[in-house]
Amino acid sequence: MVESIGTKRTVWLFATAVLVLVTMWMIFEWVPTERNLGVVQRALYVHVPLAWISMVAVGVVAAASLMYLITGKRRWDSIALASAETGVLAGTLMLVTGAIWAKPIWNVWWTWDAKLTTTAILWFFYVAYLMLRAFAPPGNQAYRMAAVVAVLGAVDVPIVYYAADLWRTAHPELIIGPAADSSGLTSEMGLTLLVSVVAFTSLYIYMLVDRYRVRQSELEISDLKREMRNYLYAPSTSDVPATAQSLRAAAAEPIGD
Amino acid sequence: MKRILTRPLTILIAIVASFVPAGVATAASAGPIFRAAQVVGQDNTNTETNLDFLFAIYIITWAGFFTYIFIVSRRQRTMEREIEGLKQLLSQRQSAEKG
């Protein structure tokens, strides 16, 4: 079973690698250079897919966190954590690549534009989610608090998406998603962007599964250590004095109203 | 050998390595970036001036992904070893207790 999952992961990674290579060939060899922005416009084929996967990741974190709050199952929490980490990575890269792209085009690295500011807020939300999990005492309470942060953070996603329509911003209009207007792109540009989005989504899925497996292993280790501790240090019933036994029994009883 | 070849890091290194000949071939044949630069150059716009920004964007993106995948796969290997060790220790204790 584990062997089969490992093989599937390798095949998936290989397919992703091929897709990434095709994308890189399209970006640097096939797609025409945009006339006004010049060669740096090719940043679009990385920047937009990064934005796309960070939004997908946020959606997955919110949905999995909601399921965790409803069901209390650890599996959902693991999915949320894996997606949050991958999403923060993609979000960080999106912000960095955006800043580098902004410098030659807007002549500034950063501006407090509505789109950029709401994106930064979203990024801080999920960094806070990861920090809460890392520094709060481990346990269901911390995971539940983090899940609430994740669900609240997702409210910012539509605001980020529609920011360019809602406010006057320096950021270009939407070219991906339900409200997109991709008329500014030629068919080659549109196709390259589509292939790039597929490649990055495939990479996101690979990283999500990889991180999920690590989380499951972490949980397995903590279960094994608990089992070991119980096994090594729990005194046998015969060693415990009668008073202590009765105290334990009393403590085990549910507290009435 | 098979284990090394199927490791994510090996595959990723292979991807990076495969970019090198592609890059050399592109530069040698003066690919569309350079041809387009000539076309746009007629409009008095030098598109090549921002190549360093483009280079930085792609390098940072792929370095970020590769580093993350490397860290996660290394952590997974460490965890697998730890799980194996703990399971062995637990079964040894249990068999010693029974014996």
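Read on for a plain summary of the structure. As the structure is a prediction and not an experimental result, all values here were calculated from the model.

So, the overall build of chain A
Then, in step 1: The secondary structure content of chain A amounts to 8 helices and 0 strands.
Then, in step 2: The order of helices and strands in chain A, counted from the N terminus, is α-α-α-α-α-α-α-α.
Then, in step 3: When the 257 residues of chain A are sorted by exposure, 42% land in the buried category.
Then, in step 4: When contacts within chain A are restricted to residue pairs at least 6 apart in sequence, long-range pairs at least 24 apart make up 73% of them.
Then, in step 5: For chain A, the exposed surface amounts to about 13,500 Å²; the carbon and sulfur share of it is 67%.

Overview of a nonpolar patch on the surface
All names here are of chain A.
Then, in step 1: A contiguous nonpolar patch, built from Trp25, Trp30, Leu191, Leu194 and Val198 and spanning about 500 Å² of accessible area, is present on the exposed surface.
Then, in step 2: At 3 residues, the largest contribution of residues to the nonpolar patch is made by helix α7 (residues 187–233).
Then, in step 3: Relative to the elements of secondary structure, Trp30 occurs in helix α1 (residues 2–30).

Observations regarding the side chain of Glu34(A)
Residues and elements named next belong to chain A.
Then, in step 1: Note on placement: Glu34 falls in the loop between α1 and α2 (44–71).
Then, in step 2: Polar side-chain contacts of Glu34 include one of 2.7 Å to the backbone nitrogen of Leu37.
Then, in step 3: Discounting residues that sit within four places of it in the chain, Glu34 has contacts with Gln41 and Met189.

What about the environment of Leu95(A)?
Residue and element names in this part refer to chain A.
Then, in step 1: Mapped onto the secondary structure, Leu95 falls in helix α3 (residues 74–106).
Then, in step 2: For the pair Leu95 and Leu116, spaced 21 residues apart in sequence, the C-alpha separation works out to 8.2 Å.
Then, in step 3: Setting aside residues up to four positions removed in sequence, Leu95 forms contacts with Trp110, Thr119 and Trp123.

Let's talk about the interface of chain A and chain B
How big an interface is tends to be expressed through the accessible area that disappears when the partners come together.
Then, in step 1: Listed per partner, the contact involves 52 residues of chain A and 45 residues of chain B.
Then, in step 2: Interface area for chain A against chain B, summed over the two sides, is near 4,700 Å², with a carbon-plus-sulfur share of 75%.
Then, in step 3: Of all residues in chain A, Arg35(A), Val39(A) and Tyr231(A) bury the most surface against chain B, accounting for 13% of the area lost on that side.
Then, in step 4: Our count for the contact surface shared by chain A and chain B stands at 4 salt bridges.

Examining unusual backbone geometry
Then, in step 1: Here the phi dihedral of Asn107(A) falls at roughly 70°; this positive angle occurs in a residue that is not glycine.
Then, in step 2: With respect to the element layout, Asn107(A) can be found in the loop between α3 and α4 (114–135).

Considerations on helix α6 (residues 156–166) of chain A
The α-helix winds at 3.6 residues per turn, so residues separated by three or four positions along the chain end up facing the same way.
Residues and elements named next belong to chain A.
Then, in step 1: For α6, the set of buried residues is Asp156, Val160, Tyr161, Ala163 and Ala164. Relative to the axis of α6, the buried residues are bounded by an arc of 150° and lie together on one face.
Then, in step 2: Structurally, α6 contributes buried residues whose contacts are with α2, α4 and α5 (140–153).

What about the pattern of salt bridges?
Then, in step 1: Scanning the model with the defined rule gives 10 salt bridges over all chains in all.
Then, in step 2: Here Arg211(A) makes a salt bridge to Glu85(A), at a shortest N to O gap of 2.8 Å. In this pair, Arg211(A) sits in helix α7 while Glu85(A) sits in helix α3, placing the two residues 126 residues apart along the sequence.
Then, in step 3: Judged by relative accessible area, Arg211(A) falls into the buried class, the value being 4%.
Then, in step 4: Taking the shortest distance from any N to any O, the salt bridge between Arg75(B) and Glu218(A) comes out at 3.7 Å. Remark: Glu218(A) occurs in helix α7 and Arg75(B) occurs in helix α4 (residues 51–98); the pair is interchain, linking two chains.
Then, in step 5: Arg75(B) sits in the partly exposed class, given a relative accessible area of 28%.
Then, in step 6: Through salt bridges that share partners, Arg74(A), Asp223(A) and Arg226(A) make up one connected network.

Rules and cut-offs
Residues numbered from 1 in each chain as written. Chains lettered and ligands numbered in written order. Predicted model: local features only at pLDDT ≥ 70, side-chain atom pairs only at ≥ 80, totals over all residues. Heavy atoms only, no water. Helix = DSSP H or I, 4+ residues; strand = E, 2+ residues; numbered from the N terminus. Buried < 20%, exposed > 50% of the residue type's maximum accessible area, 1.4 Å probe, protein only. Contact = heavy atoms within 4.5 Å. Areas by Shrake-Rupley, 256 points an atom, 1.4 Å probe, with all protein chains shown as cover. Patch = residues over 30% accessible without salt bridge, like charges linked within 9 Å, V, L, I, M, F, W, Y side chains within 5 Å. Salt bridge = Lys/Arg side-chain N within 4 Å of Asp/Glu carboxyl O. Polar contact = N/O pair within 3.5 Å; in protein donor to acceptor, adjacent residues only side chain to side chain. Buried area = accessible area lost by both parts, 1.4 Å probe. Arc of directions from axis to C-beta.

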